[in-house]
Every structure is written in structure tokens, then in C-alpha cells.
Amino acid sequence: MELKTRIWMTGALEWYGYVGDQEMFLGQRSFPSPLEEGDEWTTEIGDMFKVIDGEIRLVGKTEPPRKFW
């Protein structure tokens, strides 16, 4: 699959990308790699993403997942 969204990883192992015209945080450990059509994930801040037609799209927001130590 050819990914149409421009993405990159920072030195802190955080993934970012351009979703539409906006630079967005895509996640750390929640980011699926390698990406495939139909992959879905929720970031640590509650943004929900899905790969549709080779593009990463923001599909909603939710309450951030709880972390249990």
C-alpha cells in the first residue's frame, strides 16, 4: 500500500504527520507500524485515526485511554 500522508518520527520516538493541512501528533506506542489499509488507533491524548484510501484521517476524539501503573 502506498501511503499518501507525509509522516515522520522524532528523536523521542513520537510519530507526527500532516492530516489535511494540519500537523498532528499520531502517537508513540499506539502507532501501528507498518501501516496498512483499515488500521485504526487512538493516541494517548484521545485522537482517533484510521487509514482510508491510503491516507491517515482523523475520525474522531474520545476520552484518552486510562493508564494503569
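Residues numbered from 1 in each chain as written. Predicted model: local features only at pLDDT ≥ 70, side-chain atom pairs only at ≥ 80, totals over all residues. Heavy atoms only, no water.

Caption draft 1: Looking closely at the packing of aromatic side chains. One pass over the structure, following the stated rule, counts five aromatic pairs. An angle of 20 degrees between the planes, with centres 4.6 Å apart, marks the rings of tryptophan 15 and phenylalanine 31 as stacked. Highlighted residues: tryptophan 15 in strand 2 (residues 15-19) and phenylalanine 31 in the loop between strand 3 (22-27) and strand 4 (40-42), separated in sequence by 16 residues. On the basis of an interplanar angle of 25 degrees and a centroid distance of 5.6 Å, the ring pair of tryptophan 41 and phenylalanine 49 is categorised as stacked. Neither tryptophan 41 nor phenylalanine 49 differs from the other in exposure class; each is buried. An aromatic cluster is present here, built from Trp15, Phe31, Trp41 and Phe49 joined pairwise through their rings. (Phe/Tyr/Trp six-rings, centres within 6.5 Å; stacked < 30°, edge-to-face > 60°. Helix = DSSP H or I, 4+ residues; strand = E, 2+ residues; numbered from the N terminus. Buried < 20%, exposed > 50% of the residue type's maximum accessible area, 1.4 Å probe, protein only.)

Caption draft 2: Focus on the pattern of salt bridges. Inspection of every chain in the model, using the stated rule, returns two salt bridges. Across the salt bridge formed by glutamate 40 and lysine 50, the nearest N and O atoms sit 3.2 Å from each other. Placement of glutamate 40 in strand 4 and of lysine 50 in strand 5 (residues 47-52) is noted, with a sequence separation of ten residues between them. Of the residues examined, lysine 50 reaches a relative accessible area of 27% and is grouped as partly exposed. Among the salt bridges present, the one from aspartate 47 reaches lysine 61, with a minimum N-O distance of 2.7 Å. (Salt bridge = Lys/Arg side-chain N within 4 Å of Asp/Glu carboxyl O.)

Caption draft 3: Spatial organisation of the pairing of strand 6 (residues 55-61). In terms of strand pairing, strand 5 meets strand 6 through six bridges, oriented antiparallel. Bridging from a neighbouring strand, phenylalanine 49 pairs with leucine 58 of strand 6. Between the end of strand 5 and the start of strand 6, which pair antiparallel, lie two residues, with aspartate 53 showing a positive phi angle near 55 degrees. (Pairing = 2+ DSSP bridges.)

Caption draft 4: Focus on the sheet that holds strand 5. The sheet built from three strands is open, its strands ordered 4-5-6 with antiparallel pairing. Two strands bound the open sheet, and with one partner strand each, they are strand 4 and strand 6. With strand direction ignored, the average angle separating the axes of adjacent strands in the sheet is 25 degrees. (Axes fitted to C-alpha atoms, helices over the stretch in contact; angles between N-to-C directions.)

Read these as geometric descriptors, not functional statements.
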